[in-house]
Amino acid sequence: MRLLLIAFDPLDAVAGAGFAQQFGAPFDIVQVTGAPVTDLGAGTVHSAGLETVPVADALAEAVLGLAREATHTVAVSAMRSKDVLARLAGHLDAAMVTDVVAFESPTVFHRPMVAGTVVATVEVLETPVVLTLRPAGFNKADRSGESAVQPLAVGEGRAVRLSQTVRGGSRPDLSQAKTVVSGGRPMKDAETFERVIGGLADKLGGAAGATRAAVDSGIAPNELQVGQTGKIVAPDLYIAAGVSGSTQHMAGIKDSKVIVAINKDPDAPIFEIADFGLVADLYEAIPELMQKL
Amino acid sequence: MKILVPVKRVVDPYAKVKPLPDGSGLDVAGVKFDVNPFDEIAVEEAVRMKEADPSVHVTVVSVGTSESEEQLRKALAMGADEAVLVETGDPMDSGVVAAELEAVVRQVQPDLVLMGKQATDDDNNQAGQMLAARLGWPQATFACKIARAGDHIEVTRETDAGEETLRLALPCVVTTDLRLNEPRYIALPGIIKARSKPLAKQARATDARPKSRVTTMAAPPPRAAGRKVASVDELIGALRERGSL
């Protein structure tokens, strides 16, 4: 067995290496952007050294040769990894398992399906296999050792990127944040969302998240959507304010250590999975919370 | 311009479904089925492109059992021109679906394959990218805006950090995200018209076999029951006690 970890940036390398170390096979890393992380126990770090992630067809082709030598090619679940790794699986004519949360053996994996209402056991019948994984279910990476570094060339893509908007600002990345504060449609507009949800997130040093309803109505930007088809989060503390708790949203937060729900509707489904529920008007509760923290 | 839109029959995404007690699959007794919502968005987008340019021809395709005819008829009622059902009861994974779709692409020769980014039953998010790789075509996943520009299209796609716009030469594969459009409500004349639109049934064209299989399905471990707190002060106390603050 040999594992290839496709890491899109240095944080991604650390998050994915926990799985690679736990898996127990020798592994190499492809690191697409940023300075190569060389103390994760990988044999070689193939560093592309880019500033931005290339388009999917270019990156899939660049790593195809390395992936052919691996039994398992893996990446941390995200939109960018699903884009590239499923294409890579197509090139390899390989089985792919998306959103792995646990493994029983090198060919048997657990993953959620149907908006997290089911955990499926998936058996892969042949290698190579391509995986995306949710790091919350695996060990944190040990930092030790020294990997060799080799440059990785990435050619031009057939798709051409015309423009790119990267938002985010000073807050931590949503899928890696230790604290997440999320808001739903009761946030009247983008300014209110930013003031109330963003304000509490900043007070706690966390990230802001949103429901699909809040994103669809223009209250929050798309990259903040948490749930089945948005970001999956697993923070130590998740605060849901004015979030009713659709199945699709709850699929994205179930791995949070502690869930707090603040909602004025005592029957909101979010209370069923919240560790602490406060039935209150969020416009009164959140300012009070910010003042007392 | 020819557009091919693959559609999948899925269990109603808004129904509460559970695994069967023996873990062999989903308990779908009494549950409705529908077009995968992301595929419905793809059909809507293709039909809008046709409405803007009558020379656009829209073919919808499904790989599945004869029951998928219901979903193909819905796509025809939305405004697609014709449908192909690759009829099979074989076990499939995304790789098998991509292989069958590749064969349909060779048959229909579309300029654009437009399909949902993922199906809401298996949540895989694989088939579109696998198809693009098999065809050697460029891809744009997670599309939230599509604009035609001569023999190219410009696709704005949602990313982990915001948005980006890609320019792709045709032919290419585009997968749709939630905010591309809002699918129309189907009116009765559309449903009647759909009955007389061509729907070709054909057998599988490849002998591709699944490389993975779901062996069991289980309910996720439930979260331990929480409790209500009466005030912000009690909430802060509880979180401090738990070490969350």
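Residues numbered from 1 in each chain as written. Chains lettered and ligands numbered in written order. Predicted model: local features only at pLDDT ≥ 70, side-chain atom pairs only at ≥ 80, totals over all residues. Heavy atoms only, no water.

Next up on the list: the interface of chain A and chain B. Facing the 79 residues of chain A at the interface are 71 residues of chain B. Taken over both partners, the interface formed by chain A and chain B buries close to 6,500 Å², and the fraction arising from carbon and sulfur atoms is 53%. It is Met79, Arg87 and Phe276 of chain A that lose the most area in chain A upon contact with chain B, and together they represent 11% of the buried surface on that side. Between the two partners, chain A and chain B, sit eight salt bridges. Between aspartate 233 of chain B and lysine 292 of chain A there is a salt bridge; the shortest N-O distance is 3.0 Å. Taken together, the connections running from chain A to chain B amount to 47 residue pairs in polar contact (both at pLDDT 80 or more). Among the elements that make up the side of chain A that touches chain B, the one with the highest residue count is helix α3 (residues 79-92) of chain A (nine residues). Taken together, the residues of the side of chain A that touches chain B sort by class into 41 nonpolar, 17 polar and 21 charged. (Contact = heavy atoms within 4.5 Å. Buried area = accessible area lost by both parts, 1.4 Å probe. Salt bridge = Lys/Arg side-chain N within 4 Å of Asp/Glu carboxyl O. Polar contact = N/O pair within 3.5 Å; in protein donor to acceptor, adjacent residues only side chain to side chain. Helix = DSSP H or I, 4+ residues; strand = E, 2+ residues; numbered from the N terminus. Nonpolar A, V, L, I, M, F, W, Y, C, P; charged D, E, K, R; others polar.)

A few words on the sheet that holds strand β2 (residues 27-33) of chain A. All names here are of chain A. On the basis of which strands lie adjacent, the open sheet formed by seven strands has the order β5-β9-β4-β1-β2-β3-β10 and parallel pairing. Each edge of the open sheet carries a strand with a single partner, namely β5 (95-100) and β10 (148-151). Adjacent strand axes in the sheet meet at a mean angle of 20° when their direction is disregarded. Judged from the five bridges that link them, strand β4 (residues 72-76) and strand β9 (residues 129-133) form a sheet pairing that is parallel. Within the sheet, the bridge partner assigned to alanine 75 lies in β9 and is threonine 132. (Pairing = 2+ DSSP bridges. Axes fitted to C-alpha atoms, helices over the stretch in contact; angles between N-to-C directions.)

On to helix α3 (residues 94-108) of chain B, then. All names here are of chain B. Helix length check: α3, at 15 residues, gives a terminal C-alpha distance of 20 Å against a target of 21 Å (1.5 Å per residue), a fit within 8%. When you tally the buried positions in α3, you get 11 out of 15 residues, the bulk of the element. Here α3 has its buried residues at Ser94, Gly95, Val96, Ala98, Ala99, Glu100, Leu101, Glu102, Val104, Val105 and Val108. As for α3, its buried residues are in contact with β1 (2-6), β6 (57-64), β7 (82-87), β8 (112-116), α4 (127-135) and β13 (199-202). (Expected span 1.5 Å × (residues − 1). Buried < 20%, exposed > 50% of the residue type's maximum accessible area, 1.4 Å probe, protein only.)

Let us look at empty space enclosed by the protein. In this approach a probe as big as a water molecule rolls over the atoms, and the regions it shows empty are the leftover space. One pass over the full model with this rule turns up three cavities of 30 Å³ or more. For the largest cavity, the lining is made up of 13 residues, of which Asp99, Pro112, Arg134 and Gln228 of chain A together with Asp123 of chain B are closest to its centre. Broken down by element, the lining of the largest cavity gets its largest block of residues, three residues, from strand β7 (residues 108-113) of chain A. For the lining of the largest cavity, the per-class residue count stands at five nonpolar, three polar and five charged. Quantified by volume, the second largest cavity comes out at close to 70 Å³. Of the residues that constitute the lining of the second largest cavity, the class distribution is one nonpolar, five polar and six charged. (1 Å grid on protein atoms, 1.4 Å probe; cavity = no way out; pocket = protein on both sides within 12 Å on 5 of 7 lines; lining within 4 Å. Points joined across faces, edges and corners; volume = space filled by probe spheres on them.)

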